[in-house]
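# Tertiary structure, described
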Protein chains: 2
Amino acid sequence: MEASTIEQLEQELRRAIAGRRPEAVAEALRAIPGEELYRVLMSLSDNGLSVTFALLGAEGAAKVFERMDAAQAAEVLHRFSLAQAADILEEMAPDDAADVVEELDPLTAEGILVEMHQEEAQDIRELMGYRPDSAGGIMTPAYVAVSPNLTAGEVLRAVQRLAEEAETVYYVYVVDEADRLQGVLSLRDIVLKPRKTPVTEIMNRDVARVRADDDQELAARLLSERRLLAIPVVDAEDRLLGIITADDVADVLQEEATEDIERLGGSQPLEVPYMHAGVAQLVRKRVGWLLLLFVAGAYTSNVLAHFEGTLSQVVELAFFIPLLIGTGGNVGSQIVTTLVRAMAVGELGFPDVLRVIRKELVVGLFLGGVMAAATLIRAATLHVSLDVGLAVAVAALFIVLWSALVASILPLTLRRLRADPAVVSAPLITTLVDGTGLIIYFTIANLLLDVT
Amino acid sequence: MEASTIEQLEQELRRAIAGRRPEAVAEALRAIPGEELYRVLMSLSDNGLSVTFALLGAEGAAKVFERMDAAQAAEVLHRFSLAQAADILEEMAPDDAADVVEELDPLTAEGILVEMHQEEAQDIRELMGYRPDSAGGIMTPAYVAVSPNLTAGEVLRAVQRLAEEAETVYYVYVVDEADRLQGVLSLRDIVLKPRKTPVTEIMNRDVARVRADDDQELAARLLSERRLLAIPVVDAEDRLLGIITADDVADVLQEEATEDIERLGGSQPLEVPYMHAGVAQLVRKRVGWLLLLFVAGAYTSNVLAHFEGTLSQVVELAFFIPLLIGTGGNVGSQIVTTLVRAMAVGELGFPDVLRVIRKELVVGLFLGGVMAAATLIRAATLHVSLDVGLAVAVAALFIVLWSALVASILPLTLRRLRADPAVVSAPLITTLVDGTGLIIYFTIANLLLDVT
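Residues numbered from 1 in each chain as written. Chains lettered and ligands numbered in written order. Predicted model: local features only at pLDDT ≥ 70, side-chain atom pairs only at ≥ 80, totals over all residues. Heavy atoms only, no water.

## As for the sheet that holds strand β2 (residues 171–175) of chain A
Residues and elements named next belong to chain A. Formally: Strand pairing is defined by DSSP finding a minimum of two bridges between the two strands. Strands are runs of DSSP state E lasting at least two residues, helices are runs of H or I lasting at least four, and both sets are numbered from the N terminus onward.
One open sheet accounts for 3 strands, arranged β1-β2-β3; its pairing is mixed. Because the sheet does not close on itself, it has two edges, and the strands there are β1 (145–146) and β3 (181–186). In the sheet, β2 pairs with β3 via 5 bridges, with the strands oriented antiparallel. Following the sheet pairing, Val-174 is matched in β3 by Gly-183.

## Considerations on the sheet that holds strand β1 (residues 145–146) of chain B
Overall, mixed pairing links the 3 strands, which are arranged β1-β2-β3 (chain B) in an open sheet. Two strands bound the open sheet, and with one partner strand each, they are β1 and β3 (181–186) of chain B.

## Side note on the interface of chain A and chain B
Defined as follows: Contacts are assigned to residue pairs with any non-hydrogen atoms lying within 4.5 Å of each other. Buried surface area refers to the total accessible area, computed with a probe of radius 1.4 Å, that the two partners give up upon joining, counted for both partners together. When a carboxyl oxygen of Asp or Glu lies within 4 Å of a side-chain nitrogen of Lys or Arg, that pair is called a salt bridge.
With 113 residues of chain A in contact, the opposing surface of chain B contributes 113 residues. Where chain A abuts chain B, roughly 10,100 Å² becomes buried across the two surfaces, and 63% of that area is made up of carbon and sulfur atoms. Its largest share of buried area at the contact with chain B, chain A owes to Arg227(A), Tyr274(A) and Phe294(A), together 8% of the area lost on that side. Where chain A packs against chain B, one counts 12 salt bridges. For Arg67(A), the salt bridge goes to Glu225(B), with nearest N and O atoms at 3.3 Å. Ranked by the residues each element gives to the side of chain A that touches chain B, the list is headed by helix α20 (residues 321–344) of chain A, at 15 residues.

## As for the nonpolar core
Quick note on the threshold: What is meant by a nonpolar core is a set of buried Ala, Val, Leu, Ile, Met, Phe, Trp, Tyr and Cys residues, joined one to another through side-chain atoms within 4.5 Å. Three exposure classes are used, based on accessible area relative to the maximum for each residue type with a 1.4 Å probe and protein chains only: buried under 20%, partly exposed in between, and exposed over 50%.
Of all hydrophobic cores here, the largest spans 77 residues; its most connected members are Tyr274(A), Leu348(A), Tyr274(B) and Leu348(B). The residues touching Tyr274(A), leaving out its near neighbours within four places in the chain, are Leu282(A), Arg286(A), Thr338(B), Leu339(B), Ala342(B), Glu347(B), Leu348(B), Val356(B), Lys359(B) and Glu360(B). With 63 residues, the next largest nonpolar core counts Ile17(A), Tyr38(A), Val76(A) and Met139(A) among its residues.

## As for the relation of the copies chain A and chain B
Put simply, the test is: A residue counts toward the fit only if its pLDDT is at least 70 in both copies, and the copies are then superposed by least squares on the C-alpha atoms of those residues.
Overlaying chain A with chain B gives an RMSD of 0.1 Å, the required rotation being 180 degrees about an axis along which the chain moves by 0.0 Å. Interpreted geometrically, this transformation is the action of a two-fold axis. Every residue of chain A has its C-alpha some distance from the rotation axis, and the shortest such distance is that of Ala250(A), at 3.0 Å. Looking at chain A, 100% of its interface residues are interface residues in chain B too, so the copies touch through the same face.

## What to know about the packing of aromatic side chains
Applicable threshold: Note on aromatic contacts: the rings of Phe and Tyr and the six-membered ring of Trp form a pair at centre separations within 6.5 Å, being stacked when their planes are under 30 degrees apart, edge-to-face when over 60 apart, and tilted otherwise. Comment: the charge-over-ring label is applied if NZ (Lys) or CZ (Arg) is within 6 Å of the ring centre and within 35 degrees of the ring normal.
Inspection of every chain in the model, using the stated rule, returns 9 aromatic pairs over all chains. Seen from their ring centres, Tyr441(A) and Phe442(A) are 5.0 Å apart, and the 45 degrees between their planes marks the pair as tilted. Phe442(A) shares its class with Tyr441(A); the two are buried. One aromatic cluster is present, formed by Phe53(A), Phe65(A) and Phe80(A) through successive ring pairs. A cation over a ring is seen here: Lys359(A) above Tyr274(B), with NZ or CZ 4.8 Å from the ring centre.

## Focus: helix α17 (residues 299–306) of chain B
The condition is simple: Comment: arc refers to directions from the helix axis out to C-beta atoms.
Within α17(B) the residues assigned to the buried category are Thr300(B), Ser301(B), Val303(B) and Leu304(B). Burial along α17(B) is one-sided: seen end-on, the buried residues are contained in an arc of 160 degrees.

## Quick notes on the side chain of Ser267(B)
Mapped onto the elements, Ser267(B) comes out in the loop between α15 (247–264) and α16 (279–297). Residue classification places Ser267(B) among the buried residues on the basis of a relative accessible area of 3%. For Ser267(B), the residues in contact, after removing those within four places along its chain, are Gln334(A), Thr338(A), Glu262(B), Lys285(B), Arg286(B) and Trp289(B).

## Brief notes about a nonpolar patch on the surface
We apply this condition: The patches described consist of residues with a relative accessible area above 30% and no salt bridge, like charges being joined within 9 Å and nonpolar side chains (Val, Leu, Ile, Met, Phe, Trp, Tyr) within 5 Å. The accessible surface values rely on the Shrake-Rupley method and a 1.4 Å probe; as for residues, cover is taken only from the protein chains in view.
On the surface, Leu376(B), Leu386(B), Leu390(B), Leu447(B) and Leu448(B) cluster together to form a nonpolar patch covering roughly 510 Å² of accessible area. Counting through the fold element by element, Leu376(B) comes out in helix α21 (residues 353–381).

## Side note on the confidence of the model for chain A
As a reminder, the rule being used: Across the chain, each position has a pLDDT score giving the predictor's confidence in that residue, from 0 to 100.
The predicted model of chain A has a mean per-residue pLDDT of 88, with 99% of residues at 70 or higher. Scored by ipTM, the complex comes to 0.73, with pTM at 0.74.

## Things to note about a negative patch on the surface
Test applied: Neither His nor the chain ends contribute to the count of charged residues, in which Lys and Arg are positive and Asp and Glu negative. Note on charges: their place is set at NZ of Lys, CZ of Arg, CG of Asp or CD of Glu.
On the surface, a cluster of negative charge is contributed by Glu59(A), Asp87(A), Glu91(A), Glu115(A), Glu119(A), Glu164(A) and Glu165(A). Within the fold, Glu59(A) resides in helix α4 (residues 46–66).

## Concerning the side chain of Asp247(A)
What counts here: Definition of a polar contact: a pair of N or O atoms within 3.5 Å, with one able to donate and the other able to accept a hydrogen when the atoms are protein atoms, and with sequence-neighbouring residues admitted only if both atoms are side-chain atoms.
Tracing the chain through its elements places Asp247(A) in helix α15 (residues 247–264). Residue classification places Asp247(A) among the buried positions, given a relative accessible area of 18%. A polar contact of 2.8 Å, which involves the side chain of Asp247(A), links it to the side chain of Arg227(B). What Asp247(A) contacts, discounting residues up to four positions off in sequence, is Glu167(A) and Arg227(B).

## Quick notes on the pattern of salt bridges
Two side chains that carry opposite charge are able to pair once their charged atoms sit near each other. Scanning the entire structure with this criterion turns up 40 salt bridges over all chains. One salt bridge in this structure joins Glu10(B) and Arg14(B), with 3.5 Å as the shortest N-O distance. With Glu10(B) and Arg14(B) both in helix α1 (residues 3–18) and 4 residues apart, the pair spans about one turn of that helix. Given the relative accessible area of 37%, Arg14(B) is considered partly exposed. Among the salt bridges present, the one from Asp213(B) reaches Arg211(B), with a minimum N-O distance of 3.8 Å. Exposure remark for Arg211(B): the relative accessible area of 35% places this residue in the partly exposed category. If you follow the salt bridges from partner to partner, you end up with Glu10(A), Arg14(A), Glu36(A) and Arg39(A) in one network.

## Observations concerning α15(A)
Residues and elements named next belong to chain A. The cut-off we apply is this: To estimate how far a helix should reach, multiply one less than its number of residues by 1.5 Å.
With 18 residues, α15 should cover 26 Å at 1.5 Å per step; its first-to-last C-alpha distance of 27 Å lies within 8% of that length. Most of α15 is tucked away, with 13 of its 18 residues classed as buried. Looking one or two residues past α15, Gly-266 carries a phi angle of roughly 95 degrees, positive in sign.

## Observations regarding a positive patch on the surface
A cluster of basic residues, Arg157(A), Arg195(A), Lys196(A), Arg157(B), Arg195(B) and Lys196(B), forms a positive patch at the surface. With respect to the helices and strands, the residue Arg195(A) is situated in the loop between α12 (187–192) and α13 (199–202).

This is the structure we're talking about:
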């Protein structure tokens, strides 16, 4: 969105607040994109914020909070009184509310929960008991469930009664007296069938479901692959605990992609939005990998020390060190990121390892040839001897091939060992092929050049 | 999923096909995850495949095809006769069918379209006219639209009549006689209100919409942020052309994340699943960046040639070259990937640039201190002189700081210039700080050591 449009919307919002016009306030807020809401709300004065709340009411405010990232919503919520915050959280979807409460500092959170109606507070406490990245952690208890003894008409009346409170009424779950999941009805089926039809005749008994302790990614995958609007979450005895709705899929997929990208960049996932991460947190998430990569790369010094004789006889060889190991690292980085992503979206698995290696070696042969030619040209422009130029070019070819081999094998093998393949980051593969690349380089130089 | 489970499902499928049991075939296929369907179907004999089709019918087969990636579905479709393929495509959602037809070779595609009913073929041809990554490219024309003159009861009857054909009946769009979008009704509202209520009283006039030529990412963002089940696609005159349903959001987000990851790894996005990319395609997507990075890194040789005097006097300095520039590259890669991702999910923009720089420089000070200490220890274990060790350690600190500065500025600035920030890949930042890192290193070495 254009910066000017945002500024216009902000001005409209401020005017609507100043004029005490509830409709205009709601409309201006609706038009502001979710990722800008935090900044806009935080820029309001305490007074402006409390007028906004008064104009929107708890329900309207809840809608605004649901559009913000949980960490950002928590920060804005901190600026309200405990009672106001409690009113807003009560009106939010319980799963979103639980996410926000988890981001509050524990004392404030407890203070707000005590202010809330007992039932809503209880829902939130239960949701907070699950790991945030589990199916239980993102489910909502606001579903509609009916007994299998009803008819379509009776279910429709139940839906009409419960519609206010439910997260979705498009799926109605059928449970027995012990709350065990028996089937699912879509509102579409309920509306299409004659009113007297028994539920057992129209319900679909083959219901995809997840366990509360399953990973949220599994729920997101099933929802997206089977094109469902919601998926039920059950306990070990198949009792219905809640549902995960399709609108959570996007958040889950974004979160998982962000974690993979941060890992591929060579740090531990931040787990919070970048602007909310403090210096200490950033240092902590990065320093471990930096040291590990340093240690993994430390033997490059030994390799160079070992070839000190060659190096001091033909100092020109040193000129090409960064370029050669850089190229090896670049090739490895291209392959590793592509493979890790293909595995993350389920296109690739360990059984494909031989096909991947074969393909990447053929690709490497072409790329290595091109890079060897480029290296030869570079050597000529530096006016080094032809011998040295040839040695560097041959080394470029072999380094590219070696890098392709290592980069094809590593991520797939890690998957096989049940480790996250994204730990083979671009920096890690670069570091791994640095030292081995030097060995290849100097071995070829020793063979081709007249070194004693 | 465990390999053994997949094998069991495959065996069940083969037994069900051999026994000509339609229900069992459908069930076995439903249980097989989407990403395995291609492999399983391709492993069947021509005869097995045609029996499967006969047992499932075109509608059942269409459901299976909708669960596959378009490129994979196209390959499987190639094994059917033109008439069978046409029957299957007719039963698929038009947007999914258009995606598959785009992956077929043009002659086969034309042959199949000619075999199809004219109306369905027309829908597919129209959808193929839009860029595949535009809103028009992923929309479906299978929506329900009504006139504003109806009542809730009349709309419900229209929904019951159209339910078979529509992609979703949960949203009903209200259009005037020129097809211009006037509002939207949810099935929930229609069911909850008395049957005599006029549409104009219950419809929501504030409808989020996208233009057919908007990017698919915008549609996905709006759908996910506003938690909609579908979003209407209109032309420049606001005429309703189609809808994009929430189940497409996951595909769009995955696709965009994949492109970003491939760019961050230093190649152009593949645009097809990795296993479908041929050698020529992989070479083409990678060679450009490799050569560009080579050229960008070529000056490292000039830097080293310039400092040849220093290098030949203190050959030990060469030992630390890969380690120092590697560390600089790693720090840059950590920062760049985190920032690019934060921008992609809308957490960060150019106005934050000063805050980002300040934060990353403070983080860099800590990390640089740690890395300087690590370098000092490494120098001691290599038994180089204390002078050299100190020079290397000081260089490590400054290289980390420099790398942090470059990596914080570049992606945000590119965004500002309306370029894709993901082109600042891990390999690019590594290459950029390689040469400048060497200049820092040798300048410090010249200052601290007694070099003539």
